[in-house]
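# Descriptive analysis of the structure
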Amino acid sequence: MTDEALAAQPFIDNPDSAEDVLTALLRQAQEDGLADPGADARTEAIGLLAMAAGLGTGVLVGQRGPESAAEVLRHHLDRIFTAPAKSEARGGKRHPEHGSTVSAR
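The structure contained in this document is the topic of the report that follows. Just so we're clear, the structure is a prediction, and the values are computed from it rather than from any experiment. (Residues numbered from 1 in each chain as written. Predicted model: local features only at pLDDT ≥ 70, side-chain atom pairs only at ≥ 80, totals over all residues. Heavy atoms only, no water.)

### A short note on the overall build of the chain
When helices and strands are tallied, the chain shows six helices and two strands. Its helices and strands in sequence order give the chain the pattern α-α-α-α-α-α-β-β, from N to C terminus. When each of the 105 residues of the chain is scored for burial, the buried share is 21%. When contacts within the chain are restricted to residue pairs at least 6 apart in sequence, long-range pairs at least 24 apart make up 37% of them. Only carbon and sulfur atoms are counted for the fraction: they give 57% of the accessible area of the chain, which is about 7,200 Å². (Helix = DSSP H or I, 4+ residues; strand = E, 2+ residues; numbered from the N terminus. Buried < 20%, exposed > 50% of the residue type's maximum accessible area, 1.4 Å probe, protein only. Contact = heavy atoms within 4.5 Å. Areas by Shrake-Rupley, 256 points an atom, 1.4 Å probe, with all protein chains shown as cover.)

### Quick look at the packing of helix α4 (residues 41-60) against helix α5 (residues 66-81)
Between α4 and α5, whose axes approach to 9 Å, the crossing angle comes to 170 degrees. Compared by their axis directions, α4 and α5 come out roughly antiparallel. Two secondary-structure elements touch here, α4 through Glu44, Leu48, Met51, Ala52, Leu55 and Val59 and α5 through Pro66, Ala69, Val72, Leu73, His76, Leu77, Arg79 and Ile80. (Axes fitted to C-alpha atoms, helices over the stretch in contact; angles between N-to-C directions. Parallel < 35°, antiparallel > 145°, perpendicular 65-115°, else oblique.)

### Some details on the nonpolar core
Membership of the largest hydrophobic core is limited to seven residues, which are Leu26, Ala29, Ala35, Ala41, Ala45, Leu48 and Ile80. Broken down by element, the residue count for this core peaks at three residues, all from α4. (Core = buried A, V, L, I, M, F, W, Y, C linked by side-chain atoms within 4.5 Å.)

### Topic: a nonpolar patch on the surface
A surface patch of nonpolar side chains, amounting to about 230 Å² of accessible area, comprises Leu34, Leu77 and Phe81. Taking relative accessible area as the criterion, Leu77 reaches 35% and is therefore assigned partly exposed. (Patch = residues over 30% accessible without salt bridge, like charges linked within 9 Å, V, L, I, M, F, W, Y side chains within 5 Å. Salt bridge = Lys/Arg side-chain N within 4 Å of Asp/Glu carboxyl O.)

### Concerning the environment of Gly47
Counting through the fold element by element, Gly47 comes out in helix α4. Each C-alpha atom, one on Gly47 and one on Glu19, is 9.6 Å from the other, the two residues being 28 residues apart in sequence.

### A word on the environment of Val21
With respect to the secondary-structure elements, Val21 resides in helix α3 (residues 16-31). Through-space distance from the C-alpha of Val21 to that of Ala45 is 8.8 Å; in sequence the pair is 24 residues apart.

The structure is reproduced here in structure tokens:
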């Protein structure tokens, strides 16, 4: 954060921008039936960004390799984006156009 080149980046000028964009993408995925409709998109965005930052630091200091960090992020993204399949197991119906699940409520 003290590096002048990094400080000039837009995410430093507007730290909420990445959170806002990721939240919007997650909400769109929910609307499209691709992500868990019960997840709080803002909370998931905050968590994913914080996790990515922390994992990035871990890679930089040699705590873990890039593959390990990517696997942790993949695990959490799968949790968000595989929820429709869980809904189908509870009685939802699969949407024919994109394979997502529509709840049978």
